[in-house]
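Chain and residue survey
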Amino acid sequence: MALELIDLSVTKDKHALFNVNARVEPGKVLSVLGASGSGKSTLLNAVTGQLESVFTVKGDIVLNGESIIEVPTYQRRVGVLFQDALLFEHLTVGENIEFGFRNRKNTQQSVAQLLGEVEMQDMQHRSVSSLSGGQQARVALLRTMASEPKAMLLDEPFSKLDTQLRAKVREWVFSTVKVQNIPTIMVTHDAEDVDAANGDIIQL
């Protein structure tokens, strides 16, 4: 279930991306580096299919041997984690995570198990608005993993966590994508994230 970018170019008034080629094997993390404005967010949006209509996309994006370049966003099953948690504030912590599950059986047990992984086992019924930024980031991680994505995109998802928790959550995420064989692309400015990913690197 590899994720491949094949001669991927995205244009608007000028090239935002030009001939990007990469292959991310199942369970591996590709780190994407680059200065502000280099096209990192454009790359992620191209993979999810969320580019505005003013952009022209050439090349191909292949997931599990099938081109997804023309597949609607909601059918791609690509999980995304941004710097901001983007949680549903009217739902509890547990309900936010339950929203991610594709298989709704035994969700209460699964939610409790996931929360225990990130030391939030007592917060299932808390309002997300009462959480700290770091706690919200962890809930967003859990909701995305619960959706069983075929590929994962990480956009600086650990940046709001303190140093000790960042290392622990990062280890959990990378371990999970490895065990579940999820090809993952990570945009980051943090050298420790890149070292921990222990995968290929591309510079935009």
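1. Points about the overall build of the chain
Tallying secondary structure elements over the chain gives seven helices and nine strands in all. Here the chain has a C-alpha radius of gyration of 17 Å; the compact-globule value for 204 residues is 17 Å, and the two agree. Taken along the three principal axes of its C-alpha coordinates, the chain extends 50 × 35 × 30 Å. Here the chain holds 204 residues, and 47% of them are scored as buried. Considering only intrachain contacts with a sequence separation of at least 6, the fraction spanning at least 24 residues in the chain is 69%. Side chains of the chain give 20 positive and 25 negative charges; the mean places of these two sets differ by 3 Å.

2. Comments concerning the packing of helix α5 (residues 133–146) against helix α6 (residues 163–179)
Two measures define how a pair of helices packs: the angle their axes make with one another and the distance between the axes. The N-to-C vectors of α5 and α6 enclose an angle of 5 degrees; their axes lie 12 Å apart at closest approach. Taken together, α5 and α6 sit at an angle that is classed as roughly parallel. Facing Arg-138, Leu-141, Leu-142 and Met-145 of α5, the residues of α6 in contact are Leu-165, Val-169, Trp-172, Val-173, Thr-176 and Val-177. In the contact of α5 with α6, the residues fall into eight nonpolar, one polar and one charged.

3. Side note on the nonpolar core
Ile-97, Leu-154, Phe-158, Trp-172, Val-173 and Phe-174 are the most contacted members of the largest nonpolar core, which totals 35 residues. For this core, the elements supplying multiple residues, two or more each, are α3 (93–100), α4 (107–117), α5, β7 (151–155) and α6. Examining the composition of this core, we find that seven residues originate from one element, α5, more than from any other. Excluding residues within four positions of it along the chain, Leu-154 makes contact with Leu-81, Val-173, Phe-174, Thr-184, Ile-185, Met-186 and Val-187.

4. A word on the pattern of salt bridges
According to the stated counting rule, one finds seven salt bridges in the structure shown. Close ionic contact of Asp-190 with Arg-166 constitutes a salt bridge, the shortest N to O distance being 3.4 Å. Placement of the pair is Asp-190 in the loop between β8 (184–187) and α7 (191–197) and Arg-166 in helix α6, with a sequence separation of 24 residues. Shared partners join several salt bridges into a network, and the residues in it are Arg-166, Arg-170, Asp-190, Glu-192 and Asp-193.

5. Overview of helix α1 (residues 40–48)
Across the nine residues of α1, seven count as buried, placing the element largely inside the fold. Of the positions making up α1, those classed as buried are Lys-40, Thr-42, Leu-43, Leu-44, Ala-46, Val-47 and Thr-48. Immediately beyond the C-terminal end of α1, within one or two residues, lies Gly-49, with a positive phi of roughly 80 degrees.

6. Section: the sheet that holds β7
Across the sheet, five strands lie side by side as β6-β7-β8-β3-β9; this open sheet has parallel pairing. At either margin of the open sheet sits one strand with a lone partner, and together these are β6 (78–81) and β9 (201–203). Sheet twist, expressed as the average angle between the axes of neighbouring strands with direction ignored, equals 20 degrees. The pairing of strand β3 (residues 29–33) with β8 spans four bridges and is classified as parallel. Bridge pairing in β8 places Val-29 opposite Thr-184.

7. Overview of the packing of aromatic side chains
The tally for this structure, following the rule as stated, stands at two aromatic pairs. On the numbers, 4.8 Å between centres and 65 degrees between planes, the contact of Phe-88 with Phe-99 is edge-to-face. With Phe-88 in the loop between β6 and α3 and Phe-99 in helix α3, this residue pair connects regions lying eleven residues apart in the sequence. Where Phe-158 meets Phe-174, the ring centres are 5.9 Å apart and the plane angle is 85 degrees; that geometry is what we call edge-to-face.

8. Focus on α6
Counted at 1.5 Å a residue, the expected span for α6 with its 17 residues is 24 Å, and the 24 Å between its end C-alpha atoms agrees. For α6, the secondary structure elements touched by its buried residues are β3, α4, α5, β7, β8 and α7. Positive backbone phi, at 55 degrees, marks Asn-181, one or two positions downstream of α6.

What counts as what
- Residues numbered from 1 in each chain as written.
- Predicted model: local features only at pLDDT ≥ 70, side-chain atom pairs only at ≥ 80, totals over all residues.
- Heavy atoms only, no water.
- Helix = DSSP H or I, 4+ residues; strand = E, 2+ residues; numbered from the N terminus.
- Rg over C-alpha atoms; globule rule 2.2 N^0.38 Å.
- Buried < 20%, exposed > 50% of the residue type's maximum accessible area, 1.4 Å probe, protein only.
- Contact = heavy atoms within 4.5 Å.
- Lys, Arg positive; Asp, Glu negative; His and termini not counted.
- Charge placed at Lys NZ, Arg CZ, Asp CG, Glu CD.
- Axes fitted to C-alpha atoms, helices over the stretch in contact; angles between N-to-C directions.
- Parallel < 35°, antiparallel > 145°, perpendicular 65-115°, else oblique.
- Nonpolar A, V, L, I, M, F, W, Y, C, P; charged D, E, K, R; others polar.
- Core = buried A, V, L, I, M, F, W, Y, C linked by side-chain atoms within 4.5 Å.
- Salt bridge = Lys/Arg side-chain N within 4 Å of Asp/Glu carboxyl O.
- Pairing = 2+ DSSP bridges.
- Phe/Tyr/Trp six-rings, centres within 6.5 Å; stacked < 30°, edge-to-face > 60°.
- Expected span 1.5 Å × (residues − 1).

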